[in-house]
Every structure is written in structure tokens, then in C-alpha cells.
Amino acid sequence: MQQEICTIKVPEGTSMEIIFPDDFHHHFRDGNKTKSVLAQVTKRFSRCIAMPNLQPPVTNTVLATKYYNHIMGNIPNNNECGFEPLMVLYLTDNTTPDEIR
């Protein structure tokens with residue numbers, strides 16, 4: 001299904017700069033799939049919140065740091081675009097406030 005383009009009339013001489021948006025819910029996958037996902041994501045977004053529901057899930061800062069390094073290591077072109085993954089934790093009954101801080 002093709003999306004329709006929305007056109008808004010503005011006064012002559014008005015300009016607008018569209019910057020890379022953020023994605024508030026992104027699954028980068030893990031393993032070898034991450035590189036192909038990032039090849040598309042970094043063309044469209046400047047930052048993305050990395051969903052933590054991997055196998056096993058990202059439940060602590062050690063795992064979040066490991067996943068962050070995995071993502072950063074798979075960004076194409078030495079991250080010329082300045083892409084930034086935003087890490088979150090998969091919260092469980094065992095997640096402590098200290099872990100979140």
C-alpha cells in the first residue's frame with residue numbers, strides 16, 4: 001500500500017529543515033542480522049531506542065553494554081552518520097533501582 005503525500009501550503013520564502021528523526025522502538029536483532037538492519041536504520045534515523053527483548057533479554061547494564069558494543073560494531077561506514085543507539089533494560093522482578101541508575 002502506497003502512502004499519500006501530505007502537502008501543506010506555507011508563505012512564500014518559508015523554509016523547513018527536516019533532520020533525521022528518532023525511532024522510539026527498534027529491534028536491531030542480534031547475531032548476524034544486526035548488520036543488515038543497521039544498514040537501513042542508519043539511513044533513516046539519528047537515534048533509536050534498542051528494544052531489549054533478545055534471547056536472553058538485556059536485563060542488566062553488563063548485557064546492555066555488551067549489546068551496545070555489538071550494535072556499534074555493526075554500524076556501516078565507521079558510523080559516519082553519527083548514529084546513536086539508546087539502551088534500555090528488560091525489567092524483571094529482580095531488577096533493582098541501583099541497576100537502573
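Scroll up to find the structure.
## Some details on the pattern of salt bridges
Inspection of the entire model under this criterion finds two salt bridges. Its salt-bridge partner being Asp-22, residue Arg-47 comes within 2.5 Å of it at the nearest N-O pair. Of the two residues, Arg-47 sits in strand β2 (residues 47–50) while Asp-22 sits in strand β1 (residues 22–26), which places them 25 residues apart along the sequence. With its nearest N and O atoms 2.8 Å apart, the salt bridge here joins Arg-101 to Asp-98. Arg-101 gets classed as exposed once you look at its relative accessible area, which sits at 76%.

## What about the nonpolar core?
Counting 13 residues, the largest nonpolar core has Phe-28, Leu-38, Val-58, Tyr-67, Ile-71 and Phe-83 as its most contacted members. At the level of elements, α1 (33–44), β2 and α2 (61–73) are the ones that each hand at least two residues to this core. Of the residues forming this core, the biggest block, three residues, is contributed by α2. Ignoring sequence-local partners within four residues, the contact set of Tyr-67 consists of Phe-28, Arg-29, Ala-50, Met-51, Leu-54, Val-58 and Met-87.

## Considerations on α2
Helix length check: α2, at 13 residues, gives a terminal C-alpha distance of 18 Å against a target of 18 Å (1.5 Å per residue), a fit within 8%. Three or more residues of α2 are buried, namely Ala-64, Tyr-67 and Ile-71. Taken around the axis of α2, the buried residues stretch over an arc of 65 degrees, which confines them to a single face. Those residues of α2 that are exposed and aimed more than 90 degrees away from the buried face are Val-62, Lys-66 and Gly-73. Where α2 is buried, its residues contact α1, β2 and β3 (84–87). Of the residues that open α2, the one with a side-chain oxygen 3.1 Å from the backbone nitrogen of Val-62 is Asn-60.

## Comments concerning the sheet that holds β3
In space, the three strands of this open sheet follow the order β1-β2-β3, with parallel pairing throughout. At either end of the open sheet lies a strand with only one pairing partner, and these are β1 and β3. Each neighbouring strand pair of the sheet contributes to a mean axis angle of 25 degrees, computed without reference to strand direction. For β1 and β2, the ladder comprises three bridges, and the chain directions are parallel. Within β2, the residue paired with His-26 across the bridge is Ala-50. Docked against the sheet, α2 engages β2 and β3, running at close to 165 degrees with respect to β3.

## Some thoughts on the side chain of Asp-23
Tracing the chain through its elements places Asp-23 in strand β1. Notably, Asp-23 is buried but unbridged: the nearest opposite-charge side chain belongs to Arg-44, and the N-O separation is 9.5 Å. Separated by 2.7 Å, the side chains of Asp-23 and His-26 make a polar contact. Contact partners of Asp-23, with chain neighbours within four places excluded, come to Phe-45, Arg-47, Cys-48 and Ile-49.

Conventions and cut-offs
Residues numbered from 1 in each chain as written. Predicted model: local features only at pLDDT ≥ 70, side-chain atom pairs only at ≥ 80, totals over all residues. Heavy atoms only, no water. Salt bridge = Lys/Arg side-chain N within 4 Å of Asp/Glu carboxyl O. Helix = DSSP H or I, 4+ residues; strand = E, 2+ residues; numbered from the N terminus. Buried < 20%, exposed > 50% of the residue type's maximum accessible area, 1.4 Å probe, protein only. Core = buried A, V, L, I, M, F, W, Y, C linked by side-chain atoms within 4.5 Å. Contact = heavy atoms within 4.5 Å. Expected span 1.5 Å × (residues − 1). Arc of directions from axis to C-beta. Polar contact = N/O pair within 3.5 Å; in protein donor to acceptor, adjacent residues only side chain to side chain. Pairing = 2+ DSSP bridges. Axes fitted to C-alpha atoms, helices over the stretch in contact; angles between N-to-C directions. Lys, Arg positive; Asp, Glu negative; His and termini not counted.

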